[in-house]
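The residues making up each chain are set out below.
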Amino acid sequence: MIEVSEASHQIIADLLEARTGQHLTESRRWRVNSALAGIFRAHGISNVDQLVCLLAAPPGGPETPDLSQEVVEALLNNETYFFRDKPTFDQLPGEILPEIAHRRRDVRRLSIWSAGCSTGQEVYSLAMLFNEQAERWQGWTIDILGTDVSHRAINAARSGCYSQFEVQRGLGVTQMLRHFDETPRGWQVREDVRCKVRFHQHNILGPFPGRMPFDLVLCRNVLLYFDRQVRTQAFARLSSAVMPDGFLMLGAGETVVGQTDRFVPTARRASFFEPVGLPAALQKIA
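Report follows, based on the coordinates. Computed from a prediction, not measured in an experiment: that's the story for all the values here.

1. Focus on the layout of surface pockets
Left-over empty space is what a probe sized like a water molecule reveals as it rolls over the atoms. The space that makes up the largest pocket amounts to roughly 420 Å³. Contributing to the lining of the largest pocket are 26 residues, with Asn77, Gly116, Asp148, Asn221 and Val222 lying nearest its centre. Counting only elements with at least two residues in the lining of the largest pocket, the list comes to strand E1 (109-115) and strand E2 (141-148). Looking at side-chain class alone, the lining of the largest pocket contains ten nonpolar, eleven polar and five charged residues.

Written as structure tokens, this is what we have:
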């Protein structure tokens, strides 16, 4: 007979997968209790079994209406920092963005989507790149969208306010002083950076509610948490979001090889991939 705690962990894993598509593998289950510690304290419980009982309680019980979402949010990995994986990120201003700029020189508009943007550091890093090359991009319309499945992470991203620890991760002193103002609440992203970005809560596996396709899509270290079947679905969504001559950027440890036939590696550029054929969004009007 299955132990109650094992069954409870499976219920939590199923909840995470149903809400986000993320697969809670055996190797990740060790962190469940620590990730949920804050929820345990808030509800006066001590383990996953009791938490599952609260989740299953009928309406009017002691649980809060948003408890299941609290659980999901707590289990998500929101690890990020400014200019993450710098050698890879440096390819953007050095090669990728200039190439896109050449292809869009007539319309002088560039759109970027950061999928799984967490608390916004990646999105603001992109905006800083454009500000630091202001002369090159003068007269251009730059639109940078960040999305994440986590409501809490998106709210943090929209605030654009970071702790001393967060702002020092990936940023030099010059960049901190140029792009942030120190306030009593923390380090606030300046308006000339914020005006280029917007944020929206969105599950990469769901229909996209906004304008698309994009010239560049960043989806770094998101697909790692999906099983093969869900990853295939995610690649299908991503392929419909990238312009035929655009780029997809994955994390340093991710690839499309053996994962999908919708993208191919970009020659001599680590972590960048190109779509194969027209995306679904354009096939309807081609």
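2. Quick look at the packing of helix H7 (residues 91-103) against helix H8 (residues 121-132)
Relative orientation of the contacting elements H7 and H8 amounts to 80 degrees, with a least axis distance of 11 Å. Viewed along their axes, H7 and H8 adopt a mutual orientation that is roughly perpendicular. Across the interface between the two elements, Leu92, Pro93 and Leu97 from H7 touch Leu126, Leu129 and Phe130 from H8. Looking at the contact of H7 with H8, its residues break down into six nonpolar, no polar and no charged.

3. Digging into the environment of Pro265
Tracing the chain through its elements places Pro265 in strand E9 (residues 263-265). A sequence separation of 173 residues divides Pro265 from Leu92, and the C-alpha atoms of the two residues are 16 Å apart. With residues near it in sequence (within four places) discarded, Pro265 still touches Val256, Val257, Phe272, Phe273 and Glu274.

4. Quick notes on the nonpolar core
Formed by 39 residues in total, the largest nonpolar core has its most connected members in Leu92 and Leu216. Here this core takes seven residues from H8, the largest share from any one element. Of all hydrophobic cores here, the second largest spans 23 residues; its members include Trp113, Phe208, Leu248 and Leu250.

Cut-offs used in this document
Residues numbered from 1 in each chain as written. Predicted model: local features only at pLDDT ≥ 70, side-chain atom pairs only at ≥ 80, totals over all residues. Heavy atoms only, no water. 1 Å grid on protein atoms, 1.4 Å probe; cavity = no way out; pocket = protein on both sides within 12 Å on 5 of 7 lines; lining within 4 Å. Points joined across faces, edges and corners; volume = space filled by probe spheres on them. Helix = DSSP H or I, 4+ residues; strand = E, 2+ residues; numbered from the N terminus. Nonpolar A, V, L, I, M, F, W, Y, C, P; charged D, E, K, R; others polar. Axes fitted to C-alpha atoms, helices over the stretch in contact; angles between N-to-C directions. Parallel < 35°, antiparallel > 145°, perpendicular 65-115°, else oblique. Contact = heavy atoms within 4.5 Å. Core = buried A, V, L, I, M, F, W, Y, C linked by side-chain atoms within 4.5 Å. Buried < 20%, exposed > 50% of the residue type's maximum accessible area, 1.4 Å probe, protein only.

In short, geometric facts, not functional conclusions.
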